[in-house]
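Single-letter residue listing:
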Amino acid sequence: MIKKSKKDEAILLLKGAYTLKTPEDSVIYYKGFSKLYDTTYVEELAYIYPKGVALELFNNYDGNGNICDIGCGTGLVGEELYSLNSNFVIDGIDISPDMISVAKEKNLYRNFYEIDLTQPILDVPNNYSALISSGTFTHGHLGPEVLVSLLSICKEDAVLTIGINALYYHKKGFEKVLKKLELENKIRMIKVSSIPIYSSKDKTQNEENQLAIICTFSKINS
């Protein structure tokens, strides 16, 4: 039997994540994935997505108040934000207790909340000045309807920087939902851009995984 390389293992992990259909699937899958996420996956596939999303928030946020990392996983976004400003106060939300466990070891977050965001958000502060998300709005994870519920935990004028897999962004109608929120005077769009998810284009052997759409907008109180 031919032994798989670490890169091959990383690609299999990625493909597995993209087949998830339910929140329960995510909890089960990331139980095993959590032990390999930062090494086999991030290192082997040159995963630079969290850095790009963190930089986008940093460039549009004044730094006053607390930040919530949506789908914080193992804390990659927290690491990037800390490198930009070590005074940031960051909380993390994730559905996977195993991913949260890895993030806790990094001592970058204030509080963690183990939450299924497809359900109503309960027992979470509602005064965040900024929200950030990298890698959560993608196939098998969260859809555009969750953006509406996330506004409920933000204070007025909060800045939200949300990374969305480019294919998923168009397929699931994120643009339509964001335009609707803007027309309803619930948000003000600041910037929409695209960034690479991996530093090398041949890393995932799958073109649809290469780009993310980064949407930055602020909350308007109705």
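Presented here is an overview of the structure given in this document. Computed from a predicted model, the values in this text were never measured in an experiment.

### Comments concerning a nonpolar patch on the surface
Move 1: Taken together, the side chains of L55, F58 and L84 present a nonpolar region at the surface, about 210 Å² in accessible area.
Move 2: Here L55 shows up in helix α4 (residues 49–60).

### Focus: the side chain of K219
Move 1: Counting through the fold element by element, K219 comes out in strand β7 (residues 211–219).
Move 2: No salt bridge forms around the buried K219; measuring N to O, its nearest opposite-charge neighbour E156 is 8.4 Å away.
Move 3: There is a polar contact of 2.8 Å between the side chain of K219 and the backbone oxygen of L151.
Move 4: Among the polar contacts made by the side chain of K219, one reaches the main-chain carbonyl oxygen of C154 at a distance of 2.7 Å.
Move 5: Every residue in contact with K219, bar those within four places of it in the chain, is listed here: L151, C154, K155, E156, D157, A158, L160 and K186.

### Digging into the pattern of salt bridges
Move 1: In this structure the tally under the stated criterion is six salt bridges.
Move 2: Measuring nitrogen to oxygen at the nearest pair gives 3.1 Å for the salt bridge that ties K106 to E79. Within this pair, whereas K106 is found in the loop between α6 (97–104) and β3 (112–114), its partner E79 is found in helix α5 (residues 76–84), the two being separated by 27 residues in sequence.
Move 3: Taking relative accessible area as the criterion, E79 reaches 35% and is therefore assigned partly exposed.
Move 4: Close ionic contact of D91 with R110 constitutes a salt bridge, the shortest N to O distance being 2.8 Å. You can see D91 sitting in strand β2 (residues 89–94) and its partner R110 sitting in the loop between α6 and β3, a full 19 residues away along the chain.
Move 5: Taking the relative accessible area as the measure of exposure, D91 reaches 0% and is therefore buried.
Move 6: The exposure class assigned to R110 is partly exposed, which follows from its relative accessible area of 42%.

### Examining the sheet that holds strand β6 (residues 187–196)
Move 1: The mixed open sheet is built from seven strands, whose spatial order is β3-β2-β1-β4-β5-β7-β6. If you trace the sheet from one side to the other, it starts and ends with β3 and β6, each paired once. Taken pair by pair, the neighbouring strands of this sheet meet at an average axis angle of 15 degrees, ignoring direction.
Move 2: Strand direction decides the pairing type here: β2 and β3, joined by three bridges, are parallel. The residue of β3 that forms the bridge with D94 is E114.

Procedures and definitions
Residues numbered from 1 in each chain as written. Predicted model: local features only at pLDDT ≥ 70, side-chain atom pairs only at ≥ 80, totals over all residues. Heavy atoms only, no water. Patch = residues over 30% accessible without salt bridge, like charges linked within 9 Å, V, L, I, M, F, W, Y side chains within 5 Å. Areas by Shrake-Rupley, 256 points an atom, 1.4 Å probe, with all protein chains shown as cover. Salt bridge = Lys/Arg side-chain N within 4 Å of Asp/Glu carboxyl O. Helix = DSSP H or I, 4+ residues; strand = E, 2+ residues; numbered from the N terminus. Buried < 20%, exposed > 50% of the residue type's maximum accessible area, 1.4 Å probe, protein only. Lys, Arg positive; Asp, Glu negative; His and termini not counted. Polar contact = N/O pair within 3.5 Å; in protein donor to acceptor, adjacent residues only side chain to side chain. Contact = heavy atoms within 4.5 Å. Pairing = 2+ DSSP bridges. Axes fitted to C-alpha atoms, helices over the stretch in contact; angles between N-to-C directions.

Everything listed here is a matter of coordinates, which is why it stays silent on function.
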